Amino acid sequence: MSCGTVGKCAAALALVLALCATVVFARRHHLEVRDDFRRYILLSTFGFYAGGVLDVQVSHFRVDRGTESNVFGLSLDKTMSDSMNPYLDSHQDKCILTEPVSAQSNGPIVFFKMDLKNNVVNVSCSKEWQNIHLYKDRSGVPALRSKRQSFAKVSDSKSVYMQRRRRAASNVFPSNQEDTDEGLDVSASTVCTKLTLPLERKTEDDFYYYSFHFAIYVATKQEEGLYNLYFHSCPNYAPSNLYELNFNVDIEEKNSGNYLSAGEMPLPALYFMMSLLFFLSGLFWLFILRKSRHPLFKIHYLMGVLVFLKSLSLMFHSINYHFIEVQGEHVEAWAILYYITHLLKGAVLIITIVLIGTGWTFIKHILADKDKKLFMIVIPLQVLANVAEIIIAESDEGDKEYSTWRDIFMLVDLLCCGAILFPVVWSIRHLQEAAGTDGKAAINLRKLKLFRQFYIMIVCYIYFTRIIVILLKITVAFQYAWLDEMFKEMATYVFFVLTGYKFRPVSQHPYFSVHGDDPDDDGDDGEVEILTQSGLTEGIGKVTNRSQPSLAAGSATLVESHDEEREILISKRESSHEYD
């Protein structure tokens, strides 16, 4: 690896650390929208169990004087999986808030339309979402009405519980605003019709600034699901009348004391278990290297470093999620440690795959110029892909840069995968074309075919972790969204284990060493060619040479050998040149 590549990696690492110091990834979102012309903005996606609370506060929403007739607002829909939103798919050219909510038929949805003239927010629900537990703020949500709350706490403080119920009743929005003070029982659902929220307005610098606040309580099991919160700007659906959005939004999502989404709750334990599994596997790999009496190469130690980096990355990821679970936001120190190890792990992984794929130390000891150029392309791409992935994790879904970096990550990751596979395919095709006329090419083709299993493993690994896992994520129910991470980590572990097994240190095969006693040897083969017994010599039987007759006489005796093995040995005898 050149100094230029190392410099790029260091610069990328510095960029990641700078981003970690300025952006907070949490389940307590604070999003500042400035000079934005988007039609709609995804503010949050969160899976709620019964007992969950969604708290939303929109503040400093700036409006030019004389434009109070424009339509702005929020929509909250509920789905059962993280698939494409059915409402947005059918409203690409028309603002959803301009239609009556009763006309919506793609699932439960709630509209929060801002009436800037009358200083109210009109709340309306679709027919699938008739009952809603809506409060002025999260202080009115019943603290003891949680499926995880013990019965003992409720029975020991019955009078306190009744007081809290009466106090919460004054904060809930009933179907008739005149009945606010009549002590509505919060255990009963609120019919979602003709509800309004107060919209505060302030005047500063020739602008109007609006703010409103509400909380939604997921009271029953029927209300569980994946909640998607969007902000809509209807003026921006007309290209000739774009409206500049400027506002702040604070969102807090909680599942009965747990700040993780329903599909993320098992992740801290999952990452910890996988970290322990990789760590134990790394120790076992070191044990194999220490006890091995066979030749060891630098690639074997690099493979061990990769396993321990993966273990550390998962450990810090688990700690990071634990603090998000209990505090709603991560601890910056643990997050930075995770990002550093994640970045290093990605770089070492791609280096290891390329070194094994080019046959370094297993077929040749010196990398050709084309191999070095491949490193110059793949390593910066992989670093950029990891940086993009970290920025995506550190950004809110509503940020303008979120979708841009997501597209960059998908494109760069695809290019990186192609950069690994395409050179190998091109090499095999070139050798196939020359195999009929060049004996050395035929030998080299057979050598490359010995790596066929490894390349098939790479293709399967890329296909599973990039495509199958995504399809799994958008099809399973919201509470099982963690399965995509589990299958991704398990696929990575299986790939590591198979690679270690195929290229573990074993004794050199006698038929891949230099024929120093060959009178026809021109001296070009100055290196001993060492291959692993598994993966590279798989299927090659034991050969017994009882005498040394010439090949021209055709008296070579082969024992327990297949036809293909005989052809390899004859070709090897004809030309002893190494493939560089």
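Here the structure is a predicted model, which is why all the values come from computation and not from measurement.

1. Quick notes on the side chain of His317
Take His317: it is sitting in helix 6 (residues 298–327). Residue His317 is classed as buried on the basis of its relative accessible area of 12%. Ignoring any residue separated from it by four or fewer positions in sequence, one finds His317 in contact with Tyr271 and Tyr338.

2. Observations concerning the packing of helix 6 against helix 12 (residues 483–502)
Axis separation between helix 6 and helix 12 bottoms out at 11 Å; the angle between their running directions is 165 degrees. The angle between helix 6 and helix 12 places the two elements in the roughly antiparallel class. The crossing of helix 6 and helix 12 is left-handed. Of the residues in helix 12, those touching helix 6 at Met303, Leu306, Val307, Lys310 and Leu314 are Glu489, Thr492, Phe496, Thr499 and Gly500. For the contact of helix 6 with helix 12, the class distribution of residues is five nonpolar, three polar and two charged.

3. Structural notes on the pairing of strand 14 (residues 245–255)
Of all eleven residues in strand 14, nine are buried; the element is thus mostly enclosed. Across seven bridges, the pairing between strand 1 (residues 28–36) and strand 14 is antiparallel. If you follow Arg28 over to strand 14, its bridge partner there is Glu252.

4. Details of the pattern of salt bridges
Counted by the stated rule, this structure contains eight salt bridges. Salt-bridge contacts for Glu99 lead to Lys94; the nearest nitrogen and oxygen are separated by 3.8 Å. For Glu99, a relative accessible area of 21% gives the class partly exposed. Residue classification places Lys94 among the partly exposed positions, given a relative accessible area of 45%. Taken together, the shared-partner salt bridges connect Arg28, Arg138 and Glu252 into one network.

5. Overview of the packing of aromatic side chains
Here the structure, examined in full by the defined rule, presents 22 aromatic pairs. Arranged with centres 5.8 Å apart and planes meeting at 75 degrees, the rings of Phe279 and Phe308 form a pair that is edge-to-face. One end of the pair, Phe279, is in helix 5 (residues 267–291); the other, Phe308, is in helix 6, with 29 residues separating them in the sequence. Look at Phe316 and Trp334: their rings are 5.9 Å apart centre to centre, the planes differ by 40 degrees, and that puts the pair in the tilted class. Placement of the pair is Phe316 in helix 6 and Trp334 in helix 7 (residues 332–357), with a sequence separation of 18 residues.

The rules we used
Residues numbered from 1 in each chain as written. Predicted model: local features only at pLDDT ≥ 70, side-chain atom pairs only at ≥ 80, totals over all residues. Heavy atoms only, no water. Helix = DSSP H or I, 4+ residues; strand = E, 2+ residues; numbered from the N terminus. Buried < 20%, exposed > 50% of the residue type's maximum accessible area, 1.4 Å probe, protein only. Contact = heavy atoms within 4.5 Å. Axes fitted to C-alpha atoms, helices over the stretch in contact; angles between N-to-C directions. Parallel < 35°, antiparallel > 145°, perpendicular 65-115°, else oblique. Left-handed = near helix turned anticlockwise from the far one by under 90°. Nonpolar A, V, L, I, M, F, W, Y, C, P; charged D, E, K, R; others polar. Pairing = 2+ DSSP bridges. Salt bridge = Lys/Arg side-chain N within 4 Å of Asp/Glu carboxyl O. Phe/Tyr/Trp six-rings, centres within 6.5 Å; stacked < 30°, edge-to-face > 60°.

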